[in-house]
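The primary structure of each chain is shown beneath.
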Amino acid sequence: MDNRRLILLMVFLFSLFMLWDGWQKHNQPKPAVAAAADQSVPAAPANAPVPAAPGAVPVAPQGAVTAAPSTPSVEVKTDMVAAQISAQGGDLIHLELLKHAADEDKSKHFLLFDNGSEHTYLGQSGLVGEGQPNHKSVWTILPGERELRDGQDSLTVELEATTAAGAKVRKSYTFHRGSYLVDVAFQAPGAPAGSYAYFQITRDGKVKSSGYMGASTFTGPALYTEKDKFQKATFEDIEKGKAKHADKAGDGWIAMVQHYFVSAWLPAAGPNREFYTRKIGNDLYSAGVVLPLDGGKISVPLYSGPQEQDKLKTIAPGLELVVDYGWLTVIAAPLFWVLEVLHKLTGNWGWAIILLTVGIKAVFFPLSAASYKSMAKMKLVTPKLQKLKETYADDRARLNQEMMELYKREKINPLGGCLPILVQIPVFIALYWSLLGAVEMRNAPWLFWITDLSAKDPYYVLPLLMGVSMLIQTKLNPTPPDPVQAKVMLFMPILFTGMFLFFPSGLVLYWTVNNILSIAQQWQISRAIEGAK
């Protein structure tokens, strides 16, 4: 009995340590972004106007990230986004997601791309080669529509620049109704054969705090190819020059990932391409892809929006992998798939979590029953164990021998209840990652005051109910013969309640419902065993 409780205590404390460690990393302050920083332009090999093949992209001369205050820009609005495109480089410098509220002020829209008001996050592109217009050139914004009107399916914004040889290059952004995809295209009729274009995302290394205790999801560049599959590059590895990922492929995409949202360049399969990641300034990084111009033309879609898993997998192969489930993806991904199915049936994520809890409980019912039977039997023999402790208090070896004899006579395995609980711990942690990484939970309401299942309960009602349920479970369990262990077990509900005050309310809902179901199952089994005696 002592060993079983010690193992359970160690498992719980280890789980808490993992979550606490993740919270510490998630909320670790990051260095502030410089007001202006340098960044590189993908360059051609020496003594060649354009690269003969998309080989390694060397570091090129540096330039300022932000445009001068006098640089003109154009504001664009569709049913999904509010964007701003600057004449400086023709960069996408501002992107609000109109269907998603900001983290702090829910009356505002979530800001993904930003030119320095909160942080630096830019969509950049240009042509490779000396004298070719790039994201450091000043482009002319051509007249045209700026707002997607009723009945329109798309809206195009065009810019124009001149090469050193006097040729005109046109760059366009095409926004689509009901979509976060933007087609970014170049038309360069005078470009020499073998010319290339690049598409990159430049971002600072800041990671926003989620506002509650929890593990940190991945933030940084990621890419995917059919050969090498999904790969990530941390900002730390890029800064140290240790980032390892595919650099050449005939397919694949490159992205910048953060909690709940992603932006990704998604070129079509076929042309050979080169991927690159690099540090370009103080706490500033770029991730991009170089592609050949086909007859002086190229168009690459840019996805900038939420990590909605059912939609991402239809946009590009492997794009759904940007959702970070941590190290228990093999369990978390199927759990969320079931959760999505239940949400389609109920129309509410809170009720879907409750049904998922019932389903998980049903799957583990036989294992839980074995655990509760073991506990019920232990509760019946607790007076005998206490008497043995008093009789052999000075003879530890004899005490252990008598206890084992008692377990043998009563047909009790003192460790019989450990395995079921150990099996369920990874499921709990996997569900935690599912709720943490799913943008579908963001601002998703359940009932009454629970208006965001991804955030903590604002009034701490669910954590307190969870603590009460844990206390009831403790009372149903056999009292440990050791007074110290008894006090530790009584302290556990208080400890867990304190931790769960800051957990996502969706996870607390799962744990509370699971406890209630466990109490009902344990009470029924205990009553049956006590009645049989």
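Residues numbered from 1 in each chain as written. Predicted model: local features only at pLDDT ≥ 70, side-chain atom pairs only at ≥ 80, totals over all residues. Heavy atoms only, no water.

**Concerning the overall build of the protein chain**
If you tally the helices and strands in the protein chain, you get eleven helices and 20 strands. Burial status across the protein chain gives 53% buried among its 533 residues. Counting contacts in the protein chain only where the partners sit at least 6 residues apart, residues at least 24 apart contribute 67% of the total. Of the roughly 24,200 Å² of accessible surface on the protein chain, a fraction of 59% belongs to carbon and sulfur atoms. (Helix = DSSP H or I, 4+ residues; strand = E, 2+ residues; numbered from the N terminus. Buried < 20%, exposed > 50% of the residue type's maximum accessible area, 1.4 Å probe, protein only. Contact = heavy atoms within 4.5 Å. Areas by Shrake-Rupley, 256 points an atom, 1.4 Å probe, with all protein chains shown as cover.)

**Section: the nonpolar core**
Ranked by internal contacts, the top residues of the largest apolar core, which has 111 residues, are I85, F175, F199, W265, L339 and F500. In terms of residue count, the dominant contributor to this core is helix α8 (residues 418-437) (ten residues). Apart from residues no more than four positions distant in its own chain, F500 is found in contact with F428, P463, M466, V508 and W511. Among the nonpolar cores identified, the runner-up in size contains eight residues, and L385, L388, Y392 and M403 belong to it. (Core = buried A, V, L, I, M, F, W, Y, C linked by side-chain atoms within 4.5 Å.)

**Considerations on the confidence of the model for the protein chain**
Averaged over all residues, the pLDDT of the protein chain equals 80, while 77% of them reach at least 70. The low-confidence segment residues 1-8, where pLDDT is below 50, has 23 contacts with residues more than four positions distant or belonging to other chains. Scored below 50 in pLDDT, residues 43-67 shows 67 contacts in the model against residues more than four places distant or in partner chains. (pLDDT = per-residue confidence, 0-100.)

**Things to note about the sheet that holds strand β8 (residues 140-141)**
Strand order in the open sheet made by the nine strands is β8-β9-β10-β11-β20-β17-β16-β13-β14, with antiparallel pairing throughout. Unpaired on one side and paired on the other, β8 and β14 (229-232) mark the two borders of the sheet. Bridge analysis of strand β9 (residues 154-162) against strand β10 (residues 168-176) gives nine bridges, and the strand direction is antiparallel. Its bridge partner lying in β10, A161 is registered against V169. (Pairing = 2+ DSSP bridges.)

**Considerations on the packing of aromatic side chains**
In this structure the tally under the stated criterion is 17 aromatic pairs. Consider the rings of Y224 and W253, whose centres lie 5.8 Å apart with planes at 15°: the pair is stacked. With Y224 in strand β13 (residues 220-225) and W253 in strand β16 (residues 253-258), this residue pair connects regions lying 29 residues apart in the sequence. Comparing Y224 with W253, the two get one shared label, buried. Between W351 and W446 the ring centres are 5.6 Å apart and the planes differ by 70°, which places this aromatic pair in the edge-to-face class. (Phe/Tyr/Trp six-rings, centres within 6.5 Å; stacked < 30°, edge-to-face > 60°.)

**Quick word on the packing of helix α4 (residues 329-346) against helix α5 (residues 349-363)**
It is the contact of α4 with α5, at a shortest axis distance of 8 Å, that shows an interaxial angle of 125°. On the basis of the axis angle, α4 is oblique to α5. Pair α4 / α5 crosses with right-handed handedness. Residues L335, F336, V338, L339, E340, L342, H343 and T346 of α4 pack against W349, W351, A352, I353, L355, L356 and I360 of α5. Here the contact of α4 with α5 is built from residues that sort into twelve nonpolar, two polar and one charged. (Axes fitted to C-alpha atoms, helices over the stretch in contact; angles between N-to-C directions. Parallel < 35°, antiparallel > 145°, perpendicular 65-115°, else oblique. Left-handed = near helix turned anticlockwise from the far one by under 90°. Nonpolar A, V, L, I, M, F, W, Y, C, P; charged D, E, K, R; others polar.)

**Section: unusual backbone geometry**
Residues other than glycine seldom take positive phi values, yet D283 does so here, at roughly 55°. Along the chain, D283 turns up in the loop between β18 (273-281) and β19 (284-292). You will see that Y460, though not glycine, has its phi angle at about 60°, which is positive. The residue Y460 is located in the loop between α8 and α9 (461-476) in this model.

**A word on the side chain of D283**
Put simply, D283 is tucked away with no salt bridge, and the nearest opposite charge, on K206, sits 7.3 Å away. There is a polar contact of 3.2 Å between the side chain of D283 and the backbone nitrogen of G205. (Lys, Arg positive; Asp, Glu negative; His and termini not counted. Salt bridge = Lys/Arg side-chain N within 4 Å of Asp/Glu carboxyl O. Polar contact = N/O pair within 3.5 Å; in protein donor to acceptor, adjacent residues only side chain to side chain.)

**Considering a nonpolar patch on the surface**
Judged by side-chain polarity, W337, V338, V341 and L345 come together as a nonpolar surface patch covering roughly 410 Å² of accessible area. Structurally, W337 can be placed in helix α4. Judged by relative accessible area, which is 54%, W337 ranks as exposed. (Patch = residues over 30% accessible without salt bridge, like charges linked within 9 Å, V, L, I, M, F, W, Y side chains within 5 Å.)

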